[in-house]
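A structural walkthrough
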Amino acid sequence: MGTAAGKGDGRRLRSADWFGEPGRMGAIYRSWVRGYPPEVFDGRPVIGIANSWSELTPCNAHLRRVADAVKQGVWQAGGFPLEFPTTSIGETLMRPTAMLFRNLMSMDVEETLRANPVDGVVLLSGCDKTTPAALMGAASVDLPAIMVTGGPMLSGKFQGRDVGSGTDIWRFSEEVRAGRMSAEDFRAAESCMARSDGHCMTMGTASTMACMAEALGMQLPGAAAIPASDSRRQVVAMAAGQRIVAMVAEDLRPWRILTRAAFENAVRVNAAIGGSTNAAIHLIAIAGRVGVPLALDDFDTLARVVPTLVNLMPSGRYLMEDFAYAGGLPAVMAELGELLHRDALTVSGRTVGDNVADAPCWNREVITTLAEPLQPPGSGLAVLRGNLCPDGAVIKQSAASPHLLKHRGRALVFDRLEDYNLAREAEELLVEETTVLVLRNAGPKGYPGMPEAGNLPLPRKLLERGVTDMVRVSDARMSGTGYGTVVLHVAPEAAVGGPLALVQTGDWVQLDVPARTLRMEVDDQELSRRRQQWQPPAAPLARGYARLYVDHVLQADQGADLDFLVGASGHQPPRHNH
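Rules behind the numbers
- Residues numbered from 1 in each chain as written.
- Predicted model: local features only at pLDDT ≥ 70, side-chain atom pairs only at ≥ 80, totals over all residues.
- Heavy atoms only, no water.
- Helix = DSSP H or I, 4+ residues; strand = E, 2+ residues; numbered from the N terminus.
- Rg over C-alpha atoms; globule rule 2.2 N^0.38 Å.
- Buried < 20%, exposed > 50% of the residue type's maximum accessible area, 1.4 Å probe, protein only.
- Pairing = 2+ DSSP bridges.
- Axes fitted to C-alpha atoms, helices over the stretch in contact; angles between N-to-C directions.
- Core = buried A, V, L, I, M, F, W, Y, C linked by side-chain atoms within 4.5 Å.
- Contact = heavy atoms within 4.5 Å.
- Phe/Tyr/Trp six-rings, centres within 6.5 Å; stacked < 30°, edge-to-face > 60°.
- Lys NZ or Arg CZ within 6 Å of the ring centre and 35° of its normal.
- Salt bridge = Lys/Arg side-chain N within 4 Å of Asp/Glu carboxyl O.

**What about the overall build of the protein chain?**
- The number of helices and strands found in the protein chain is 20 helices and 14 strands.
- Here the protein chain has a C-alpha radius of gyration of 24 Å; the compact-globule value for 578 residues is 25 Å, and the two agree.
- A principal-axis box enclosing the C-alpha atoms of the protein chain has dimensions of 80 × 55 × 45 Å.
- A burial count over the protein chain gives 61% of its 578 residues as buried.

**Here we look at the sheet that holds strand β3 (residues 120-125)**
- Spatially, the four strands line up as an open sheet ordered β2-β1-β3-β4, and their pairing is parallel. The two strands at the open ends of the sheet, each matched to only one other strand, are β2 (80-85) and β4 (145-149). Here the strands of the sheet are splayed against their neighbours by 20 degrees on average, with no regard to which way each runs.
- Pairing geometry for strand β1 (residues 46-51) and β2, over six bridges, is parallel.

**A short note on the nonpolar core**
- In this structure, Leu123, Phe263, Leu283, Phe323 and Val332 are the most contacted members of the largest nonpolar core, which totals 131 residues.
- In terms of residue count, the dominant contributor to this core is helix α12 (residues 278-290) (nine residues).
- Apart from residues lying up to four places away in sequence, Val332 is in contact with Ala272, Ile273, Leu309, Val310, Phe323 and Ile367.
- Counting residues in hydrophobic clusters, the runner-up holds 29 residues, among them Val438, Val490, Leu502 and Met520.

**Notes on the sheet that holds strand β14 (residues 517-520)**
- Taken together, the eight strands give an open sheet; going across it, the order is β7-β8-β12-β11-β10-β9-β13-β14, and neighbouring strands pair in mixed fashion. If you trace the sheet from one side to the other, it starts and ends with β7 (381-384) and β14, each paired once. Between one strand axis and the next, the sheet turns through 25 degrees on average, direction left out of account.
- In the sheet, strand β11 (residues 472-474) pairs with strand β12 (residues 486-488) via two bridges, with the strands oriented parallel. Among the inter-strand pairings, Val473 is bridged to a residue of β12, identified as Val487.

**Some points on the packing of aromatic side chains**
- Following the criterion strictly, the structure yields nine aromatic pairs and no others.
- Considering the side-chain rings of Phe414 and Tyr420, the 5.0 Å spacing of their centres and the 80 degrees angle between planes classify their relative orientation as edge-to-face.
- When its relative accessible area of 9% is taken as the criterion, Phe414 is described as buried.
- Of the residues examined, Tyr420 reaches a relative accessible area of 0% and is grouped as buried.
- Here the aromatic residues Phe19, Tyr36, Phe41, Trp75 and Phe80 are joined through ring pairs into a cluster of three or more.
- Over the face of the ring belonging to Tyr483 we find Arg171, whose NZ or CZ atom lies 5.0 Å from the ring centre.
- The aromatic ring of Trp508 is capped on one face by Arg408, whose charged end is 3.9 Å from the ring centroid.

**Some words on the environment of Met193**
- Locating Met193 in the fold gives a position in helix α7 (residues 183-193).
- Under the relative-accessibility criterion, Met193 is labelled buried at 5%.
- For Met193 and Arg30, which are 163 residues apart along the polypeptide, the C-alpha to C-alpha distance reads 48 Å.
- When neighbours within four sequence positions are excluded, Met193 is seen to be in contact with Met153, Gly156, Val163, Gly164, Ser165, Gly166, Asp168, Ile169, Phe172 and Met201.

**Focus: the pattern of salt bridges**
- Under the defined criterion, the tally for this structure stands at 43 salt bridges.
- The salt bridge involving Arg64 is made with Asp68; its shortest N-O contact spans 3.7 Å. Residue Arg64 and its partner Asp68 are located together in helix α3 (residues 63-76), separated by four residues, close to a single helical turn.
- Among the residues examined, Asp68 registers a relative accessible area of 34% and is labelled partly exposed.

Spelled out as structure tokens, the structure:
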């Protein structure tokens, strides 16, 4: 049955502890792997294919076909592919929020890899939480790993123009509420928006995290932007299958790739592409798994020299299909040049600099130059501090209204999202264009799970007057497809007694993004009095995983991982007792 050594390099592979065992145990392990000829146990690397396919996760529903292409590549390179399912989490259908389950999926990936006879893994993801979850799980095990994201949908088409998933849903729904779009046209647009396999084709969180996987060096160059329906998606999946076999031979593991330099590259790339605010939470969580220090303030300081280069919704006008055909992420990284650590290692076995050295740009309307960017340096994610958010809050400047980046208004506070959803339709709601809408108890513990609720729909009475944006502040997240002057991830959250819990309707709130401040005009003595009177909200009626999550989740500025998952445990499973 062979020795399950490293196919000529003299190194014993991990799978040898199963399939290379002599006597009874080896025979048991091999006999149960049915339908394969004996030569699959000749010492070739066993490659796991971690597939987040699910028909309940529409963005990932085509990943079975992607997995087949990966398998072809593994076989061609002399490996033995074994596909397995993972937890699948989709923002489109799951309640209360997919973010509640990101850490669960990461645990599933981690424990499945550790417990099984695999020497390397190809991670298949699509919808936005599946990408960081798979990377977190694989990083914690530190077996050779490569990611293949499922690719964005083709551009939506409605009434002769392109429409973007998420971004135009938010826009059209406000138009309907304002009486400027008919319900019939809204339903027609709905059927035009998601017309192929794939995840959101705006620069939402799914597209952002696919780009982050590539920027970190965990996905092959150019792979992030290729549409799901493009035949090159299958080609890149096959190439990943071939490459993971070589990575096992090279013993190229995530901890060699996911360095501080890699995370700095990702932060700057996120600024250049106009990426989602959610990237901050996910990158901090991934960094925590490999012991790389990455703080919320890094997303501001590292990005201040980086302009927005990519003209995609919600910050611009184009979509991911246009981005792919313009040159994709390699063109952006080539344009960033010395702003990146070009010597950072990637899954290709080459450095970032080598990967993008000859990357062309085919459309300068979609991917602009450093000399003539879409938006100037420092227009990406900003990190705010002040007595409302002592541990930080974030705002996506490129998707905000410039006239609201410095703003003072009276707070209108809501303790629950459901309360606001009822109040927003009322003509008698005491709200003005200058009001600061405040939503609390929507953070990691408070909801639980930190929903994408921060971009609150505007009150109907203001929409009817033509108001298109207001300052909104919350401890929630926002879809990466969303837009507006929306302050998010306020930490500490209200549910644990953060200052957001103390603000009252009528308080003056000051937002000054250029100065990076967010504060309420309430003196310390009054805040102390309010704190003495504050009562924590009732704990969610939680059991099982939800209870585990609420008891152990960290705050947004720490990545909202579970406290006991920070760090890594390696790839050695407990020994069997047979």
